[in-house]
Amino acid sequence: MTARLLVAGLSLLAGMAFGAGTALGGHEALSVLLPGNPLEGSRLFAEKGCVGCHGVHGSGGTAGPDLGRGILNRPLLEIAAVMWNHAPGMEHLFQEKRVARPSFEPPQMASLLAFLYYLGSLDPPGDADRGALLFEQKGCQTCHKLGGRGGSVGPDLTGYSRYASPLFLTAGLWSRGRAMASAMEQRKVTRPNFQGNDIPDLLAYIRSAGAGTERVYAPPGSPKRGEALFTQKRCAECHSVRGHGGKVGPDLAIAVKGSLTGIAGAMWNHGPRMWAKMAERGIGVPSLSTGEMSDLISYLYFLQFIDPPGDARRGAAVYKEKRCGSCHGAGGTKLVAPAFARVVEKLSTPLAIITAMWNHAGQMTETTVEENVAWPILKGGEMADLIAYLLGREGGPGATPAAPAPASSRARKDTAPPK
Ligand code: HEC
Ligand code: HEC
Ligand code: HEC
Ligand code: HEC
C-alpha cells in the first residue's frame, strides 16, 4: 500500500474518533496532557515520517514494528514510555536511513499520543472467512438473510454491509437483543456469545456479502458524552465506576477489558442477566442509537487506561535507579547533560517533559554510548512517577531549583515539604 493511501486510511480512522481526543481532556489528570486531537495526530504520524517505518495492521513501512498489534493498549503516559524505551533502537535506524529525528512541540506531541492511543482501541481488521463460519455456527443464518440466502425470522442483514464500522452492528444487536433472545428461545437456537474478534469478523463477512461500495463510518465516540449517558441511561443505578454508583452489577472500571467492540460484545454476552435485573427493578432496557453506543463504549474503554497518579517518592527512586543523575548532575559526577534543576525550571507540565525527552533522545542515545550507561528503560507506572518527581511535588528536583541532585534521603517523606 502506498504511503498516501495509508495516510488517507488513517485520517478516516482518526476521523471516527475525532471527539475522543478533546473529550479525554475532560479528565483532570489528562487535561494537562492531552489538548491534542487524534485527527491532527494522524496527520503528524505521516508528516513526521513515522508511517515510513511503522505500519498499522500491515499497511505502512516495515522497518519498525507494526503499531496495530496491541502494544498501544495502555495509558497515555505509558505510550510515551514505550516510545522512550525504544528511542535508541529508532535512533539507530534514523542514522542508518539518514533521516532526521522528528522533533515535536508539546501540542503536537499531545495529538500524536491521542492518535496512538486511539489506534490501541481499534480491533484488528475482520477476517471475512472466519466471519462466514461464525455466521453459520452462531445460528445467524438460521434466522437472517444475507445476500439472498438464509432464514427470514429476523430482518435481512444485507443492509449492514454498507457500514464500515462495527458499531452499527453492535448497536443493532443491543437494541434488538431481547426480541432476538426470545426468538432464539422459541426456535431452540443457543444464544451465541461473542469473544475476541468475533464481531469484526462477522462484519467483514457481512460486508463481503453486500454488493454496494458505500462506506458508512460511525459517528465519533466521545467518552465525555458517554459518561453523561452512563447516568442518563441508568447504567449507574446498577454499576459503579471506581466504587461510585450501584452495586447490582460489577464495577465497570474493573470488569471492562478490551477493544471497543470487545466491550459491546460483553454487553451482549451479559445481556440476559442484565435484563433480568432490570425487570426486577422496573428499569426498562435502554435503547441505544449507534452514536450513543459509540459514546458509551468509548467511555468504558477509556476507564481502562487512566494513568494512575504518579508518586513523587517512587519517582525519586526511579530517578536514582535509572541513573538519570549520572548525566544530569548527581553530586560529584561531571555534568554531561543539562543540570536537572535547570531543566525542570522550564518544563512545567507532563507533556513538556515527555516532549523534551523525545526531542533530546537522539543526543542522549549518543551520550549513553559515550558514557557507557545503559539506556534507562521505564516500566509500568515509572514514567508517571518520574514526572511527579520532576515536577517538584514532594521535594523533587523541581521543588528547589538550586538543589543539586536527589539523594535517596531527600526522597523520603519525612524530609518532603508539605504539599
Ligand atoms: C527510521 C525508522 C523509524 C521512524 C521514522 C520511526 N520509528 Fe518508531 N521504531 C523504529 C524501530 C526500528 C523501532 C524498534 C526499536 C526497538 O526495538 O528498540 C521503533 C519502535 C517504536 C515504538 C515501540 C513499538 C513496539 O512495538 O515496541 C513506537 C511506539 C514507535 N516506534 C513510535 C514511533 C513514532 C510515533 C514515530 C514518528 C514520530 C516513529 N516511531 C518513527 C523505527 C522508526
Ligand atoms: C432465532 C433467530 C435469530 C438468530 C439465531 C439471530 N437473530 Fe438476529 N434477529 C432476530 C430477530 C427476530 C430480530 C428482530 C428483533 C426485533 O424485532 O426487534 C433480529 C435482529 C437482529 C439485528 C437488528 C436488525 C435491524 O434491523 O436493526 C441484528 C444486527 C441481528 N439480528 C444480528 C444477528 C447476528 C449477527 C446473529 C448471529 C450471531 C443473529 N442476529 C442471530 C432473530 C435471530
Ligand atoms: C438493573 C441493573 C443493570 C443496569 C441498569 C445495567 N446493568 Fe450492566 N450488568 C448488570 C449485571 C447484574 C451484570 C452482570 C451480568 C452477568 O453476570 O452476566 C452486568 C454486566 C455488564 C457488563 C459486562 C461486564 C463484564 O463483566 O464484562 C457491561 C459492559 C455492562 N453491564 C454495561 C452496562 C451498561 C453500558 C449499562 C447502561 C446502558 C448497563 N450495563 C445497565 C446489571 C445492570
Ligand atoms: C547518558 C547520559 C544521560 C542519562 C543517563 C540521562 N540523560 Fe537526559 N539528557 C542527556 C543529554 C546529553 C541531554 C541533552 C540532549 C540535547 O541537548 O539534545 C539530555 C536531555 C534531557 C531532557 C531535555 C532537557 C531540556 O533541556 O529540554 C530531559 C527531560 C531528560 N534528558 C530526561 C532524562 C531522564 C528522565 C533520565 C533518566 C530516566 C535521563 N534524562 C537520563 C543525557 C542523559
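Above this text you will find the structure in question.
Residues numbered from 1 in each chain as written. Chains lettered and ligands numbered in written order. Predicted model: local features only at pLDDT ≥ 70, side-chain atom pairs only at ≥ 80, totals over all residues. Heavy atoms only, no water.

Participant: I'm lost on the coordination of the iron atom of ligand 1 in this one. Help?
Facilitator: Put simply, a metal with four donors set out as a tetrahedron has ideal angles of 109.5 degrees, and one with six donors set out as an octahedron has ideal angles of 90 or 180 degrees. Of the protein atoms, only His54 (NE2) and Met90 (SD) coordinate the iron atom of ligand 1, at distances of 2.0 to 2.3 Å. Metal-centred angles of 87 to 178 degrees between the six donor atoms at the iron atom of ligand 1 mark the site as octahedral. In this pair, His54 sits in the loop between helix H5 (50-53) and strand S1 (55-56) while Met90 sits in helix H7 (residues 87-96), placing the two residues 36 residues apart along the sequence. Here His54 falls in the buried class, since its relative accessible area comes to 12%. (Donors = N, O, S within 2.8 Å, 3.2 Å for Na, K, Ca; no water. Tetrahedral: all angles 85-135°; square planar, octahedral: opposite > 155°, others 65-115°. Helix = DSSP H or I, 4+ residues; strand = E, 2+ residues; numbered from the N terminus. Buried < 20%, exposed > 50% of the residue type's maximum accessible area, 1.4 Å probe, protein only.)

Participant: In this structure, what is going on with the site of ligand 2? I would like to understand it.
Facilitator: Neighbouring residues of ligand 2: 21 residues in total, closest Cys140, Cys143, His144, Tyr160 and Met180. One nitrogen or oxygen atom from the side chain of His144 is found 2.8 Å from a nitrogen atom belonging to ligand 2. Looking at side-chain class alone, the shell around ligand 2 contains 15 nonpolar, four polar and two charged residues. (Near = heavy atom within 4 Å. Polar contact = N/O pair within 3.5 Å; in protein donor to acceptor, adjacent residues only side chain to side chain. Nonpolar A, V, L, I, M, F, W, Y, C, P; charged D, E, K, R; others polar.)

Participant: Would you mind showing me how to read the pattern of salt bridges here?
Facilitator: Once the charged atoms of two side chains with opposite charge are near each other, the side chains can pair. Under the criterion given, the structure shown has 13 salt bridges. When the shortest N-O distance is used, the salt bridge between Arg130 and Asp201 registers 2.4 Å. In this pair, Arg130 sits in helix H9 (residues 128-137) while Asp201 sits in helix H13 (residues 198-209), placing the two residues 71 residues apart along the sequence. Each member of the salt-bridge network shares a partner with another, and the members are Arg130, Lys138, Asp198 and Asp201. (Salt bridge = Lys/Arg side-chain N within 4 Å of Asp/Glu carboxyl O.)

Participant: I keep staring at the coordination of the iron atom of ligand 2 and nothing clicks. Help me out?
Facilitator: Protein-derived ligands of the iron atom of ligand 2 are His144 (NE2) and Met180 (SD), with the metal-ligand distances lying across 2.0 to 2.4 Å. One can describe the site at the iron atom of ligand 2 as octahedral: its six donor atoms subtend angles covering 86 to 178 degrees at the metal. Of this pair, His144 sits in the loop between helix H10 (140-143) and strand S3 (145-146) while Met180 is found in helix H12 (residues 177-186), placing the two residues 36 residues apart along the sequence. Of the two residues examined, His144 and Met180, each falls in the buried class.

Participant: How do you make sense of the site of ligand 1 when you look at a structure like this?
Facilitator: If you check the shell around ligand 1, you find 22 residues, and the closest are Cys50, Cys53, His54, Arg69 and Met90. The contact in question runs from a nitrogen atom of ligand 1 to an N or O atom on the side chain of His54, over 2.8 Å. In the model, an oxygen atom of ligand 1 is placed 2.8 Å from a nitrogen or oxygen of the His86 side chain. Where the shell around ligand 1 is concerned, the elements lending two or more residues are H5, helix H6 (76-85) and H7. Counting residues per element, the shell around ligand 1 draws most heavily on H7, at four residues. The class makeup of the residues in the shell around ligand 1 is 15 nonpolar, five polar and two charged.

Participant: Sorry, what's going on with the packing of helix H8 (residues 106-121) against helix H22 (residues 350-371) here?
Facilitator: The relative placement of two packed helices comes down to the angle between their axes together with the axis-to-axis distance. At a minimum axis distance of 9 Å, the contact between H8 and H22 shows a crossing angle of 90 degrees. Between H8 and H22, the crossing angle belongs to the class labelled roughly perpendicular. On H22, the residues that touch Pro106, Met109, Ala110 and Leu113 of H8 are Leu351, Ala352, Ile354, Thr355 and Trp358. (Axes fitted to C-alpha atoms, helices over the stretch in contact; angles between N-to-C directions. Parallel < 35°, antiparallel > 145°, perpendicular 65-115°, else oblique. Contact = heavy atoms within 4.5 Å.)

Participant: Mind showing me how you'd approach the environment of Cys143 here?
Facilitator: Following the sequence through the fold, Cys143 ends up in helix H10. For the pair Cys143 and Ala183, spaced 40 residues apart in sequence, the C-alpha to C-alpha distance is 8.9 Å. With residues near it in sequence (within four places) discarded, Cys143 still touches Gly151, Ser152, Val153, Gly154 and Arg187.

Geometry only, nothing functional implied.
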